[in-house]
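Fold and contact review
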Amino acid sequence: MKILVTEGNPSGSKLAYKIIRDVNENGGKVFGFATGIAPEETYRLLRESDVDFTDKISINLDEYIGLSNDHNQSYHYFMNRHLFNEKPFKKSYLPDGMGDPEEVIREYDEILEENPIDLQILGIGVDGHIAFNEPGTSFDSTTHISYLDESTIKFNSQLFNSIDEVPRSAFTMGIKSIMDCKKIILLAFYESKAQAIYDTVLGPITEDVPASILQKHPDTTLILSKKSAKLLPENIITYVSDEEI
Ligand code: GLP
């Protein structure tokens, strides 16, 4: 695991943007995207760049169950707004939140099988979840339905009018599928993620902290802020100054 610590945003996002651009220019064909606040600035940089994705494929991590694709809190809507409307891909896949569960799950696993992900962008939940793989999810999981933890519902309610509107379940790519991605970058900038980051990097590899499995991934880079990295010892981080980015 490589741990890069920046001043925060926009520096960390700029670093992520550069990695995505490099992978795109160097033959990367399939990009895995995350939603959330952490990648927003990176998507803005991509939108405003001359990066061309028109012959590439994107696959998103997850989608709320019960929200239609045009619901303003759906991840379809988020991705269109933050990236795809201005940077279209040849094909973009997200699970259909209104689809028949069995079919959605089978189709998504087929899509992942046929399109190995070259670069996956991840965020992390306050409870250490990646995508919507909550604590306790099997490390062998593929696409499945996740029932969201209370802490996730509470955190994600920031983007809804009220906590009651947050869906209680979601389709999510599984942990095995995430581990199959060739390269991963995980973005975390808030101080509220500091404990989850500590557990991910230095804690035991356990299904109680889904992101801890990334310790075993051959090419994962954590892009952090000083705040989210505050519990990590100096000797395991690489500080990247604004001048270097
Ligand atoms: C949601 C998403 C995750 C994301 C997480 C963190 O739960 N399903 O994929 O990583 O939020 O979000 P943020 O980027 O806002 O910190």
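Provided above is the structure to which this section pertains.
Heads up: these notes are all about the structure in this document. (Residues numbered from 1 in each chain as written. Predicted model: local features only at pLDDT ≥ 70, side-chain atom pairs only at ≥ 80, totals over all residues. Heavy atoms only, no water.)

1. Considering the sheet that holds strand E5 (residues 91-93)
- Read from one edge of the open sheet, eight strands run E5-E3-E2-E6-E9-E10-E1-E11, paired in parallel fashion. The two strands at the open ends of the sheet, each matched to only one other strand, are E5 and strand E11 (238-239).
- Across the sheet, helix H1 (residues 11-25) lies against strand E1 (2-6), strand E2 (30-33), strand E6 (119-122), strand E9 (183-188) and strand E10 (220-225), angled at about 165° from E9, the strand it touches most. (Pairing = 2+ DSSP bridges. Helix = DSSP H or I, 4+ residues; strand = E, 2+ residues; numbered from the N terminus. Contact = heavy atoms within 4.5 Å. Axes fitted to C-alpha atoms, helices over the stretch in contact; angles between N-to-C directions.)

2. What about the side chain of His217?
- Of note, His217 is situated in the loop between helix H7 (194-202) and E10.
- Among the polar contacts made by the side chain of His217, one reaches the main-chain carbonyl oxygen of Cys181 at a distance of 2.6 Å.
- Those residues in contact with His217, other than ones at most four positions away along the chain, are Ile178, Met179, Cys181, Lys182, Lys183 and Ile184. (Polar contact = N/O pair within 3.5 Å; in protein donor to acceptor, adjacent residues only side chain to side chain.)

3. Concerning the packing of helix H2 (residues 40-47) against helix H3 (residues 75-84)
- The geometry of H2 relative to H3 is characterised by a closest axis approach of 8 Å and an angle of 45° between their N-to-C directions. With respect to H3, the element H2 is oriented oblique. Together, Glu40, Tyr43, Leu46 and Arg47 of H2 and Phe78, Met79, Arg81, His82 and Leu83 of H3 make up the contact between the two elements. (Parallel < 35°, antiparallel > 145°, perpendicular 65-115°, else oblique.)

4. Digging into a negative patch on the surface
- Negative charge collects at one region of the surface, where Asp22, Glu25, Asp50, Asp52 and Asp55 lie side by side.
- Of note, Asp55 is situated in the loop between H2 and strand E3 (57-60). (Patch = residues over 30% accessible without salt bridge, like charges linked within 9 Å, V, L, I, M, F, W, Y side chains within 5 Å. Areas by Shrake-Rupley, 256 points an atom, 1.4 Å probe, with all protein chains shown as cover. Salt bridge = Lys/Arg side-chain N within 4 Å of Asp/Glu carboxyl O. Lys, Arg positive; Asp, Glu negative; His and termini not counted. Charge placed at Lys NZ, Arg CZ, Asp CG, Glu CD.)

5. Some details on unusual backbone geometry
- Here Asn9 and Pro10 are connected by a cis peptide whose omega angle stands at 5°.
- With respect to the helices, strands and loops of the structure, Pro10 is situated in the loop between E1 and H1.
- Phi angles above zero are rare outside glycine, and Ala131 is one such case at about 50°.
- Looking at where Ala131 falls in the secondary structure, it is placed in the loop between E6 and strand E7 (144-147).
- The exposure class assigned to Ala131 is buried, which follows from its relative accessible area of 10%. (Buried < 20%, exposed > 50% of the residue type's maximum accessible area, 1.4 Å probe, protein only.)

6. Some points on the nonpolar core
- By size, the foremost hydrophobic cluster in this structure holds 38 residues, and its most contacted members are Ile20, Phe31, Phe33, Leu46, Met79, Leu83 and Leu119.
- Of all the secondary-structure elements, those providing two or more residues to this core are H1, E2, H2, H3, E6 and E9.
- At six residues, H1 tops the list of elements feeding residues into this core.
- Excluding residues that lie within four positions of it along the chain, Phe31 makes contacts with Ile20, Val23, Asn24, Phe53, Lys56, Ile57, Ser58, Ile59, Phe89, Ile117 and Leu119.
- Ranked by size, the runner-up nonpolar core spans 30 residues in total, among them Ile117, Leu122, Met173 and Ala196. (Core = buried A, V, L, I, M, F, W, Y, C linked by side-chain atoms within 4.5 Å.)

7. Quick notes on the site of the ligand
- Surrounding the ligand, one finds 16 residues, the nearest of these being Ile37, Ala38, Asp62, His129 and Lys193.
- Asp62 places a polar side-chain atom, nitrogen or oxygen, 2.9 Å from a nitrogen atom of the ligand.
- If the ligand stood free it would expose 390 Å²; the protein chains cover 97% of that surface.
- The site holding the ligand turns out to be the largest pocket.
- Classifying every residue of the shell around the ligand gives nine nonpolar, five polar and two charged. (Near = heavy atom within 4 Å. 1 Å grid on protein atoms, 1.4 Å probe; cavity = no way out; pocket = protein on both sides within 12 Å on 5 of 7 lines; lining within 4 Å. Sits in = over half its atoms within 2 Å of the grid points. Nonpolar A, V, L, I, M, F, W, Y, C, P; charged D, E, K, R; others polar.)

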